[in-house]
Amino acid sequence: MTEHSLTLFNSLTRKAETFAPVHPGEARVYSCGPTVYNYPHIGNMRAYVFADVLGRTLSWKGYALTHVINITDVGHLTDDGDAGEDKMERMAAEKAQSIWDIARHYTQAYWADVKALNIRQPAHWSIATDYVPQMIEWAEKIAPKHCYELDSGLYFDVSTVADYGRLARAHTDEGEGRIEAVEGKRNAADFAIWRKTPPGEKRQMEWDSPWGKGAPGWHLECSVMGGALLGFPFDIHTGGIDHREIHHPNEIAQNQAYCCTNGLDVAENSGARIWMHNNFLVERSGKMSKSSGEFLRLQLLIDKGYHPLAYRMMCLQAHYRSELEFSWEGLGAALTRLKRMLMAAAPLRDVEAASQVDHPKLAGVLDAFDAAISDDLNTPVALTAFEEALAVKKVDAAIKRAVIERMDQVLGFGLLDLSRSDLRIRPKAAQITEAEIDQALARRKAARAEKDFATSDAIRDELAAMGVEVMDGDPLGWDWKLG
Ligand code: AMP
Ligand code: ZN
């Protein structure tokens with residue numbers, strides 16, 4: 001197999017760059033994790049499917065991967081900049097529960113989605129509240145040169161670092177759209193790295209600090225955890241495209257302040273060499289917004305009878321830097337594609353994989369797959385190569401299985417361990433069980449064998465009334481579906 005060199009699009013330079021690890025043979029990646037004040041929506045999960053494919057690709061390329069995903073359980077305000085309330089505090093007040101209970105519940109829910117989407121476990125799940133002493137130390141170190149104190153907190157002065165906002169390609173001067181919510185800020189883009197508890201108030205989460213009782217700022221958390229677990233500079237920092245505008249420029253500014261004593265150069269001291277951002281999953285009717293009642297959670301897809309890996313497929317069908325529009329039809333099509341792959345892989349299920357992947361008939365697709373995934377994670381093209389490999393005929397099954405397994409290590413479907421019944425999920429609203437459907441279909445088959453078409457049709461109608469569509473002659477061999 002020809003090894004194509006891995007190129008990744010760096011948001012910092014707005015260019016595709018050849019990946020060259022900081023530490024030979026290693027890849028160290030930090031992904032901004034969820035704020036656990038609510039369930040993640042499927043758009044949030046796109047960010048982790050993307051980070052997962054990145055991690056899997058780095059492993060495929062032979063790098064020893066250290067991946068960190070953080071859990072934000074304090075400090076993320078309702079406005080990504082520097083205004084509004086702490087999301088966690090607000091949800092805790094709304095639900096009359098402790099923040100710790102809220103954090104525990106939604107972290108578990110997030111981890112369940114991670115598992116359902118076959119997102120690999122990172123080496124570290126770093127929990128923000130475990131790092132508060134280190135955050136205070138950081139703030140103390142950068143405060144003399146880069147911060148100033150106001151009644152509400154300790155603020156970072158963005159004019160003290162070179163090229164602030166280069167990642168966002170934004171100007172720091174006023175009038176570019178940022179709301180200056182705090183009186184006394186020197187620059188509109190300045191942000192709190194420590195938020196003091198207002199006098200006379202008590203927050204559920206607060207810590208003592210040189211600036212009084214309070215809580216760390218969200219941007220500081222990621223800088224500190226990334227540096228602590230991966231060391232500066234590490235290789236890659238990921239997040240959704242929204243983070244390119246505020247959160248990551250602020251992280252970079254802090255990292256510049258922390259890392260260097262000289263020219264404060266962005267390229268050398270931004271903390272990570274490559275900053276990567278996934279584009280958004282969008283949905284026209286607003287069902288993505290967590291304030292819209294029934295919003296698009298992974299569980300909603302499952303409740304409607306879609307296997308979660310159909311959503312993984314949907315994500316992989318688009319390039320991570322393209323916007324992806326969600327629709328139920330699109331999800332249905334992704335599920336059908338997954339079913340087709342499963343059917344094609346079925347003959348390999350009980351075959352033992354060969355120890356090598358060399359075969360003249362498979363070399364081309366393996367090379368095409370490697371080329372695609374090496375080209376800034378071009379998963380849509382890699383999927384096509386995967387299907388081509390599945391379709392190759394008259395090759396040694398053991399070698400074919402080895403090739404499919406290898407490609408699947410990047411795509412992450414676990415196709416060879418999936419069965420047809422795994423993919424058939426009963427919608428929550430369905431009034432009939434799989435066993436009952438199978439019994440009815442057996443009776444129908446018997447009636448048809450005796451040419452009793454009246455009974456056969458009646459059974460079909462009964463099933464239809466309960467939402468079961470009988471699919472005689474379905475090319476995928478699926479006998480029925482619930483919809
Ligand atoms: P949050 O919990 O709000 O910090 O978001 C978690 C991750 O999801 C971040 O990396 C966001 O940038 C990302 N994200 C938020 N909304 C979307 C969306 N609609 N599509 C893709 N990624 C998103
Ligand atoms: Zn972050």
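Above this text is the structure in question.
What comes next is a walk through the structure.

### Brief notes about empty space enclosed by the protein
If you roll a probe as big as a water molecule over the atoms, it shows you where there is empty space left.
So, point 1. With the rule as written, the count across this model stands at 4 cavities of 30 Å³ or more.
So, point 2. In this structure, the largest cavity occupies an estimated 100 Å³ of space.
So, point 3. Forming the boundary of the largest cavity are Arg46, Val49, Phe50, Val53, Cys315, Leu316, Ala318, His319, Tyr320, Leu377 and Thr379.
So, point 4. Contributing elements (two or more residues each) for the lining of the largest cavity: helix 1 (42-60) and helix 9 (308-317).
So, point 5. Here the residues of the lining of the largest cavity are counted per class, giving 8 nonpolar, 2 polar and 1 charged.

### Some words on the site of ligand 1
So, point 1. Taken together, 17 residues lie around ligand 1, and Thr35, Gly43, Gly240, Asp242 and Leu281 are the ones closest in.
So, point 2. Between ligand 1 and Thr35 there is a distance of 3.0 Å, counted from an oxygen atom to a backbone nitrogen or oxygen.
So, point 3. Separating a nitrogen atom of ligand 1 from a side-chain N or O atom of Asn278 is a distance of 3.3 Å.
So, point 4. Look at ligand 1: alone it shows 500 Å² of surface, and the protein chains cover 93% of it.
So, point 5. According to the grid-proximity analysis, the pocket containing ligand 1 is the largest pocket.
So, point 6. Those elements that provide at least two residues to the shell around ligand 1 are helix 1 and strand 10 (234-240).
So, point 7. It is helix 1 that contributes the most residues to the shell around ligand 1, 4 residues altogether.
So, point 8. Residues that form the shell around ligand 1 fall into these classes: 5 nonpolar, 11 polar and 1 charged.

### As for the nonpolar core
So, point 1. Counting residues in hydrophobic clusters, the biggest one holds 117 residues, and the most contacted among them are Ile42, Phe156, Ile193, Leu301, Tyr311 and Leu415.
So, point 2. Among residues more than four places away in sequence, those in contact with Tyr311 are Ile42, Gly43, Met45, Arg46, Leu117, Leu281, Leu298, Leu301 and Leu331.
So, point 3. Formed by 15 residues, the second largest nonpolar core is a distinct cluster that contains Leu6, Phe50, Leu54 and Tyr320.

### A few points about the pairing of strand 4 (residues 64-71)
For a regular strand, the rule is simple: side chains alternate between the two faces of the sheet.
So, point 1. Along strand 4, 6 of the 8 residues are buried, which leaves the element largely enclosed by surrounding structure.
So, point 2. Bridging between strand 3 (residues 26-31) and strand 4 involves 6 bridges; their strand directions are parallel. Counterpart to Glu26 in the pairing with strand 4 is Ala64.
So, point 3. Following the backbone out of strand 3, through helix 1 and into the adjacent parallel strand 4, one traces a crossover that is right-handed.
So, point 4. Bridging between strand 4 and strand 5 (residues 124-127) involves 4 bridges; their strand directions are parallel. Bridge assignment links Val68 to a residue of strand 5, and that residue is His124.

### Brief notes about unusual backbone geometry
So, point 1. Cis peptide bonds are those with omega within 30 degrees of zero, and the linkage from Phe232 to Pro233 qualifies with -10°.
So, point 2. Positionally, Pro233 belongs in the loop between helix 5 (218-230) and strand 10.
So, point 3. Within the chain, Asp376 stands out as a residue other than glycine whose phi angle is a positive 50°.
So, point 4. Of note, the phi angle at Lys451 is positive, near 60°, even though the residue is not glycine.

### Quick look at the side chain of Asp52
So, point 1. Tracing the backbone through its elements, the reader meets Asp52 in helix 1.
So, point 2. At 2.8 Å, the side chain of Asp52 forms a polar contact with the backbone nitrogen of Arg120.
So, point 3. Once residues within four sequence positions are removed from consideration, Asp52 is found in contact with Asn118, Ile119, Arg120 and Arg312.

Scoring rules and cut-offs
- Residues numbered from 1 in each chain as written.
- Chains lettered and ligands numbered in written order.
- Predicted model: local features only at pLDDT ≥ 70, side-chain atom pairs only at ≥ 80, totals over all residues.
- Heavy atoms only, no water.
- 1 Å grid on protein atoms, 1.4 Å probe; cavity = no way out; pocket = protein on both sides within 12 Å on 5 of 7 lines; lining within 4 Å.
- Points joined across faces, edges and corners; volume = space filled by probe spheres on them.
- Helix = DSSP H or I, 4+ residues; strand = E, 2+ residues; numbered from the N terminus.
- Nonpolar A, V, L, I, M, F, W, Y, C, P; charged D, E, K, R; others polar.
- Near = heavy atom within 4 Å.
- Polar contact = N/O pair within 3.5 Å; in protein donor to acceptor, adjacent residues only side chain to side chain.
- Areas by Shrake-Rupley, 256 points an atom, 1.4 Å probe, with all protein chains shown as cover.
- Sits in = over half its atoms within 2 Å of the grid points.
- Core = buried A, V, L, I, M, F, W, Y, C linked by side-chain atoms within 4.5 Å.
- Buried < 20%, exposed > 50% of the residue type's maximum accessible area, 1.4 Å probe, protein only.
- Contact = heavy atoms within 4.5 Å.
- Pairing = 2+ DSSP bridges.
- Right-handed = clockwise from strand over helix to strand, strands pointing away.

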